[in-house]
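Fold and geometry: a report
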Amino acid sequence: MRTDIQSILNKLGVKAENAAFSTGSVWGGGSNSKSLESFSPVDGKIIASAKVATSADYDAIVEKSQEAFKHWRTIPAPKRGEIVRQFGDALRANKDALGTLVSYEMGKSLQEGFGEVQEMIDICDFAVGLSRQLYGLTMHSERPSHRMYEQWHPLGIVGIISAFNFPVAVWSWNTALALVCGNVCIWKPSEKTPLTAVACQHIIAKVFKDNDVPEGVCNLIIGDREVGELMTKDGRVPLISATGSTRMGKAVGAAVGARLGKSLLELGGNNAIIISEHADLDMSLIGAVFGAVGTAGQRCTSTRRLIIHESVYDAFAAKLVKAYGQLRIGDPLDQNNHVGPLIDNDAVASYLDSIEKCKAEGGKFLVEGGVLDGAEYASGCYVKPCIAQVKNDFEIVQHETFAPILYLIKYKTLDEAIALQNGVPQGLSSAIMTLNLREAEQFLSYQGSDCGIANVNIGTSGAEIGGAFGGEKETGGGRESGSDAWRAYMRRQTNTINYSNTLPLAQGIKFDL
Ligand code: NAD
């Protein structure tokens, strides 16, 4: 495997010994002696190291971006879209290599690694169309011979802070939209997945170079929280789009809010599926199991809770236990396996700690958890997906543990189920499994789910790029990707034009000289 990964790194231009180099694109790190080691949870090996950006590197990049913005915003939006189209094609050409590196550096299954790159391609296609549809409205003025309309202008630098679990897709959701809107971007990827970021930087840098666009439109800074904080406190960065834990979002929201900047926050979830007495249980099983164990429970949309009607509770729990018995856990690059590793040892510790806390609060495990050992699991990051019967108000159930722990909760009435589903601090994704129209519509109504995403007969996990993605409450309120999420990357300007011979004031106010 090591040889394969080496050739993939070579193909993507990522040097194994030191990922902080430069090739016509811009990133920080050259002058620092501090570096980050990228560790693969698949086999525990250090893949490569990447130099961390200093504050001087960061300042140089911001200055370069400011210059680049002056040029980039003058390129007509459909022409910017054409460059994003070429970026999508470059991703197509590199899908296998990049998807494999995502899988190896992050630990998700190869299928999901390819899926992540496909999502990047899809958002590029979406952004190309969007580049001709950055619409504003026109309004009727209350004053004669006046015209009112609104238009949308780019913001400037968009700072993108991303999490480890979607190491490249989240960047592309932001970047593709920000670029067609006329912005330039500075990306601070997760410190746990710097190499996939460097690979993406190479791919996009080549596209810009081929189009003779000056340096500085898309930029990368490698580093941990401190490097991210440089952006959140910087008034030269009008929008910070941050994806990560609620703890991080509270810090980012406060820092950006303190300077009255804009933030787009995509934070933790605590997603539930309601399994109704009217559900197709076989279909529900697939949604529930994929939602709970896919990406080893490390998706923001992972299914953490199943709220099951009392009449089908025992039967569905038995199906789950049987299905969990068939799961194959192991190397995510081997397509026969369903579940790969957690990202690192800290994640394993947090998983074990949550299991202990759950037991201490009275949780009863139907499928026990634990860390796997043996040669195949030498990284120490492979854990058993587990299932516990709990009460929704357990402290641990109210909390997002980023691991494959599934909580089962019983309900009697749909009102109660919806209250349980909404009864957590987070509000990202939710679902109901039912063949009953009344139940489905109630769940989707204003009296139903309080989440940003509410599905019927689909699990909580995964989303298509065409819809706006994000959640409410402690999930942060941001929306990215499809629908009109592009508006977050632009500033709205209302224009009133007077083509009369007089200057009437609004609201009929008289002011004669
Ligand atoms: P994390 O919060 O530890 O880190 C995320 C990113 O924020 C990293 O790049 C990190 O360096 C940076 N960061 C942390 N503190 C910061 C600060 N004070 N200022 C600036 N930057 C800071 O999250 P993680 O462990 O990488 O990812 C898992 C979390 O992300 C989960 O909670 C998951 O639900 C969430 N997530 C949410 C979405 C969504 O769209 N809602 C998508 C993916 C992941």
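For clarity, every value in this text was computed on a predicted model and none was experimentally measured. (Residues numbered from 1 in each chain as written. Predicted model: local features only at pLDDT ≥ 70, side-chain atom pairs only at ≥ 80, totals over all residues. Heavy atoms only, no water.)

Structural notes on a nonpolar patch on the surface
As a reminder of what qualifies: Like charges are joined within 9 Å and nonpolar side chains (Val, Leu, Ile, Met, Phe, Trp, Tyr) within 5 Å, but only among residues with over 30% relative accessible area and no salt bridge; these make up the patches. Residue burial considers only the protein chains on display, and all accessible areas are found by Shrake-Rupley using a 1.4 Å probe. Every case where a carboxyl oxygen of Asp or Glu lies within 4 Å of a side-chain nitrogen of Lys or Arg is listed as a salt bridge. Each helix corresponds to a stretch of at least 4 residues labelled H or I by DSSP, and each strand to a stretch of at least 2 residues labelled E; elements are numbered beginning at the N terminus.
A cluster of nonpolar side chains, L503, L505, I509, F511 and L513, forms an exposed patch at the surface whose accessible area comes to about 660 Å². Following the sequence through the fold, I509 ends up in the segment after β22 (490–498).

Notes on the side chain of T243
The following threshold applies: Using a 1.4 Å probe on the protein chains alone, a residue whose accessible area is under 20% of its type maximum counts as buried, one over 50% counts as exposed, and one in between counts as partly exposed. Any two residues whose heavy atoms approach within 4.5 Å at even a single point are treated as in contact.
Take T243: it is sitting in strand β9 (residues 239–243). Taking relative accessible area as the criterion, T243 reaches 13% and is therefore assigned buried. Excluding residues within four positions of it along the chain, T243 makes contact with I161, S162, A163, V170, M248, E266 and E480.

Quick look at the UniProt feature "active site" (unreviewed entry) in the chain
Let me state the cut-off plainly: UniProt positions are given in the numbering used here, feature names are shortened, and annotations may be inferred rather than shown by experiment.
Annotation from UniProt places "active site" (unreviewed entry) at E266. Its location among the elements puts E266 in strand β10 (residues 262–266). Given the relative accessible area of 5%, E266 is considered buried.

Remarks on the domain arrangement of the chain
Operational definition: For the domain bounds, the source is a domain assignment made automatically or taken from a database. Buried area, as used here, totals the accessible surface that two parts lose on assembly, with accessibility defined by a 1.4 Å probe and the loss added over both.
Each assigned domain of the chain is listed with its residue range as follows: domain 1 (2–267 + 476–492) and domain 2 (271–464). Inter-centroid distance (C-alpha atoms) of domain 1 to domain 2 is 30 Å. Every contact between the two is made by 23 residues of domain 1 and, on the other side, 20 residues of domain 2. Between domain 1 and domain 2 the total buried area reaches about 1900 Å² when both faces are included, carbon and sulfur atoms providing 60% of it. When the buried surface of domain 1 facing domain 2 is broken down by residue, P41, V42 and E112 rank first, second and third, together holding 26% of it. One can count 2 salt bridges joining domain 1 with domain 2.

Brief notes about helix α4 (residues 95–106)
The criterion, for reference: Here the expected length of a helix is defined as 1.5 Å per residue gap, with one fewer gap than residues.
The terminal C-alpha atoms of α4, which comprises 12 residues, lie 16 Å apart, in line with the 16 Å expected from a rise of 1.5 Å per residue. Burial within α4 is extensive, with 10 of its 12 residues counted as buried. Taken as a whole, α4 has its buried residues at A97, L98, G99, T100, L101, V102, S103, Y104, E105 and M106.

Details of the packing of helix α10 (residues 281–293) against helix α11 (residues 310–325)
Where we set the bar: All axes here are fitted lines through C-alpha atoms, helices being fitted over the stretch that makes contact, and every angle between N-to-C directions spans 0 to 180 degrees. For classification, angles of less than 35 degrees are called roughly parallel, those exceeding 145 degrees roughly antiparallel, those between 65 and 115 degrees roughly perpendicular, and all remaining angles oblique. Working rule for handedness: look at the near helix, and if it is turned counterclockwise from the far one by less than a right angle, call the crossing left-handed; if clockwise, right-handed.
Interaxial distance between α10 and α11 falls to 10 Å at its minimum, and their mutual angle equals 55°. Taken together, α10 and α11 sit at an angle that is classed as oblique. For α10 against α11, the interelement crossing comes out right-handed. For the pair formed by α10 and α11, the contact residues are L281, D282, S284, L285, A288, V289, A292 and V293 on the first element and V312, F316, K319, L320, A323 and Y324 on the second.

As for the pattern of salt bridges
Summed over all chains, the structure comprises 24 salt bridges. Across the pair R225 and E229 runs a salt bridge whose closest N-O atoms are separated by 2.9 Å. Here R225 and its partner E229 are both found in helix α8 (residues 225–232), 4 residues apart, which amounts to about one turn of the helix. Looking at E229, the relative accessible area reads 28%, which means it is partly exposed. Ionic contacts of the salt-bridge type, sharing partners, join the residues E82, R85, D89, R92 and D125 into one network.

A word on the nonpolar core
Quick reminder of the rule: Residue types Ala, Val, Leu, Ile, Met, Phe, Trp, Tyr and Cys, when buried and joined through side-chain atoms within 4.5 Å, form a set referred to as a nonpolar core.
Counting residues in each nonpolar core, the largest one holds 159 residues, and the members touching the most others are L306 and L320. Per-domain counts for this core show at least three residues from each of domain 1 (2–267 + 476–492) and domain 2 (271–464). If we skip the residues at most four places from it in the chain, L306 touches I273, I275, A288, F316, L320, L406, Y407, L408 and I409.

As for the packing of α4 against helix α5 (residues 110–130)
Stated precisely, the cut-off is as follows: Three classes are used, and their members are as follows: Ala, Val, Leu, Ile, Met, Phe, Trp, Tyr, Cys and Pro are nonpolar, Asp, Glu, Lys and Arg are charged, and the others, Gly among them, are polar.
Running from N to C, α4 and α5 cross one another at 125°; their axes reach a closest spacing of 8 Å. With respect to α5, the element α4 is oriented oblique. Remark: the crossing between α4 and α5 carries right-handed chirality. In contact with K95, D96, L98, G99, T100, V102 and S103 of α4, α5 contributes L110, G113, F114, E116, V117, Q118, M120 and I121. Taken together, the residues of the contact of α4 with α5 break down into 7 nonpolar, 5 polar and 3 charged.

Overview of the pairing of strand β2 (residues 35–39)
Heads up, the condition is: Strands were regarded as paired on the criterion that DSSP finds at least two bridges between them.
Of the two faces of β2, the one lined by L36 and S38 is fully buried and the one lined by S35, E37 and F39 carries no buried residue. Here β2 runs beside strand β3 (residues 46–51); their pairing, made up of 5 bridges, is antiparallel. Along β3, the bridge assignment pairs E37 with S49. Counted between consecutive antiparallel strands, the loop separating β2 from β3 contains 6 residues, among which G44 sits at a positive phi close to 80°.

Some points on the pairing of strand β7 (residues 184–188)
To keep things clear, this is the line we draw: Whether a crossover is right-handed comes down to one check: with the strands pointing away from the viewer, does the path from the first strand over the helix to the second run clockwise; if it does, it is right-handed.
By the criterion of burial, β7 is predominantly enclosed, with 5 of the 5 residues buried. A two-sided burial pattern is seen for β7, the buried positions comprising V184, I186 and K188 on one face and C185 and W187 on the other. Pairing of strand β6 (residues 157–161) with β7, which is carried by 5 bridges, proceeds in the parallel orientation. Along β7, the bridge assignment pairs V158 with C185. With helix α6 (residues 169–180) bridging β6 and the parallel β7, this β-α-β connection has right-handed handedness. Handedness of the β-α-β unit built from β7, helix α7 (residues 194–210) and strand β8 (residues 218–221) comes out right-handed.

As for the site of the ligand
Heads up, the rule is: We call a residue near a molecule or strand as soon as one heavy atom of that residue lies within 4 Å of the molecule or strand. Here a polar contact means two N or O atoms within 3.5 Å. Within protein one must be a hydrogen donor candidate and the other an acceptor candidate, and residues neighboring in sequence count only if both atoms are side-chain atoms.
Around the ligand, the surrounding shell holds 29 residues, and the nearest of these are K188, E191, S245, L267 and E400. Here G244 contributes a backbone N or O atom positioned 3.3 Å from an oxygen atom of the ligand. Side-chain polar atom of S245 to an oxygen atom of the ligand: 2.6 Å apart, as the coordinates give it. The protein chains hide 93% of the 850 Å² of surface that the ligand would expose on its own. Elements with a minimum of two residues in the shell around the ligand: α8 and α9 (246–258). No other element matches α9, which puts 4 residues into the shell around the ligand. Among the residues making up the shell around the ligand, the classes are represented as 12 nonpolar, 9 polar and 8 charged.

Thoughts on the packing of aromatic side chains
The line we're drawing: A pair of aromatic rings is counted whenever rings of Phe, Tyr or Trp (Trp by its six-membered ring) have centres within 6.5 Å, and the orientation is called stacked for planes under 30 degrees apart, edge-to-face for over 60 and tilted otherwise. Comment: the charge-over-ring label is applied if NZ (Lys) or CZ (Arg) is within 6 Å of the ring centre and within 35 degrees of the ring normal.
Applying the stated criterion to the full structure yields 7 aromatic pairs. Consider the rings of W152 and W486, whose centres lie 5.3 Å apart with planes at 70°: the pair is edge-to-face. Of this pair, W152 sits in strand β5 (residues 146–154) while W486 sits in the loop between β21 (480–481) and β22, placing them 334 residues apart in sequence. Between the aromatic rings of Y377 and Y382, the centroid separation amounts to 5.2 Å while the plane-to-plane angle is 55°, which identifies the pairing as tilted. Each member of the pair Y377 and Y382 is classed as buried. In this structure an aromatic cluster arises from ring pairing among F87, W171 and W187. Across from the ring centre of F166, 3.8 Å away, lies the NZ or CZ of K108, which sits over that ring. Sitting over the ring of Y313, K410 keeps its end group 4.7 Å from the ring centre.

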